[in-house]
Amino acid sequence: MKILIADDELPLLSFLKRGLESEGYEVVSEHDVHNLIASISREVPQIAVLDRMFGNIDSLILLQSIKRLPSPPMVLLLTAMDDVSDRVDGLRQGADDYLCKPFDFEELLARVQALGRRASQVIPLTDDMLRCGSLTFSREERIVRCASDELQLTRLEYDVLIFFAENAGKVLSRERILQRVWQSEKDPLTNIVDVYVSRMRQKLSVANDLMIETLRGNGYRLTVISR
């Protein structure tokens, strides 16, 4: 698994890189906030460990750009800002986890491992078959099964659900869903995405290990629930 660490504190950057590499991770680092989006696009990490105050920029303003990338990473924010409101702001803006400085490396490692499990919730079985939690997708037949039962889905419902499954654990904005499913880059000024997400929640009631979360102001996330 590849991890990108982004921090302008070079000693901390070096320490985290060595520590995570010693745990077997592939690690790349970025110390310039202005190169961050380009680095993530180029390296395509599964996890980004991001300093909240990166140089003179609050990284919250970069989160939405990160989450709109074609293959956005899970984001762990590191910060000295430990007020509850600061943590809530970070999570609402799209961060997947939040760790306050100073921190113990073992706790950071545990959080990275937890994010890694969430980022690996999609299991390609073959080029045609995909498994996400208790669901199995057949791309060729456009069929989704939960155990041996086939879900009754319309064409658009299938397109929405497989897009969520392919990006399980990641935040999907309404704009990304519109572009992928409806091939539209413009807001149709309707609640069509919300309507289909509501339908998917009803259809997923048969799968008790999956849920679609609403992240207000950012979009939706399909989560596989560990039991």
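All of the points below concern the structure found in this document. All values derive from a computational prediction rather than experimental measurement.

**Some remarks on helix α6 (residues 155–166)**
Helix length check: α6 (12 residues) gives 17 Å between terminal C-alpha atoms against 16 Å at 1.5 Å per residue, within 8%. Burial runs high along α6: 10 of the 12 residues are buried.

**Here we look at the packing of α6 against helix α7 (residues 174–181)**
It is the contact of α6 with α7, at a shortest axis distance of 10 Å, that shows an interaxial angle of 125 degrees. Accordingly, the angle class assigned to the pair α6 and α7 is oblique. Along this stretch, α6 crosses α7, giving a crossing that reads as right-handed. From α6, L156, D159, V160, I162, F163, F164 and E166 reach across to α7, where they touch R176, I177, R180 and V181. Of the residues contributing to the contact of α6 with α7, the split by class is seven nonpolar, no polar and four charged.

**Brief notes about the sheet that holds strand β15 (residues 219–224)**
The strand order across the open sheet built from three strands is β13-β15-β14, with neighbouring strands paired in antiparallel fashion. Each edge of the sheet is formed by a strand with only one pairing partner; in this case those strands are β13 (171–172) and β14 (210–215). Where β13 meets β15, two bridges bridge the pair, whose relative direction is antiparallel. Following the sheet pairing, V171 is matched in β15 by R221. In the packing of helix α8 (residues 192–203) onto the sheet, the strands contacted are β14 and β15, and the crossing angle to β14 comes to about 150 degrees.

**Description of the sheet that holds strand β6 (residues 74–79)**
Reading across from one edge, β2-β1-β3-β6-β7 is the order of the five strands in this open sheet, with parallel pairing throughout. Edge positions in the open sheet fall to β2 (26–30) and β7 (97–100), since each of these has one partner strand only. The mean inter-strand angle of the sheet, taken between neighbouring strand axes irrespective of direction, is 20 degrees. Bridge count between strand β1 (residues 2–6) and strand β3 (residues 47–51): four bridges; the pairing is parallel. The partner of L4 across the bridge, within β3, is A48.

**A look at the packing of α7 against α8**
Following both chains from N to C, one finds α7 and α8 inclined at 85 degrees, their axes separated by 10 Å at the closest point. By the angle class used here, α7 and α8 are roughly perpendicular. Of the residues in α8, those touching α7 at R174, I177 and L178 are I192, V193 and D194. Partitioned by chemical class, the residues of the contact of α7 with α8 number four nonpolar, no polar and two charged.

**Topic: the state of the cysteines**
Chemically, a disulfide is nothing more than a covalent bond linking the sulfur atoms of two cysteines. Taken as a whole, this structure holds zero disulfides when the rule is applied. Summary of cysteine pairing: C132 is not part of a disulfide, and the nearest cysteine sulfur, belonging to C146, is at 11 Å. The class of C132 is buried, set by a relative accessible area of 0%. Residue classification places C146 among the buried residues on the basis of a relative accessible area of 11%.

**Some thoughts on the packing of aromatic side chains**
Per the counting criterion, the structure on display carries three aromatic pairs. Look at W182 and Y196: their rings are 5.3 Å apart centre to centre, the planes differ by 75 degrees, and that puts the pair in the edge-to-face class. Of this pair, W182 sits in the loop between α7 and α8 while Y196 is found in helix α8, placing the two residues 14 residues apart along the sequence. A relative accessible area of 21% means that W182 is categorised as partly exposed. When the ring centre of Y196 is taken as reference, the NZ or CZ atom of R199 above it lies at 4.5 Å.

**Observations concerning the side chain of D97**
Structurally, D97 can be placed in strand β7. Exposure remark for D97: the relative accessible area of 17% places this residue in the buried category. Other than its neighbours up to four places away in sequence, D97 contacts V75, L76, L77, L91, R111 and L115.

Calculation rules
Residues numbered from 1 in each chain as written. Predicted model: local features only at pLDDT ≥ 70, side-chain atom pairs only at ≥ 80, totals over all residues. Heavy atoms only, no water. Helix = DSSP H or I, 4+ residues; strand = E, 2+ residues; numbered from the N terminus. Expected span 1.5 Å × (residues − 1). Buried < 20%, exposed > 50% of the residue type's maximum accessible area, 1.4 Å probe, protein only. Axes fitted to C-alpha atoms, helices over the stretch in contact; angles between N-to-C directions. Parallel < 35°, antiparallel > 145°, perpendicular 65-115°, else oblique. Left-handed = near helix turned anticlockwise from the far one by under 90°. Contact = heavy atoms within 4.5 Å. Nonpolar A, V, L, I, M, F, W, Y, C, P; charged D, E, K, R; others polar. Pairing = 2+ DSSP bridges. Disulfide = S-S within 2.5 Å. Phe/Tyr/Trp six-rings, centres within 6.5 Å; stacked < 30°, edge-to-face > 60°. Lys NZ or Arg CZ within 6 Å of the ring centre and 35° of its normal.

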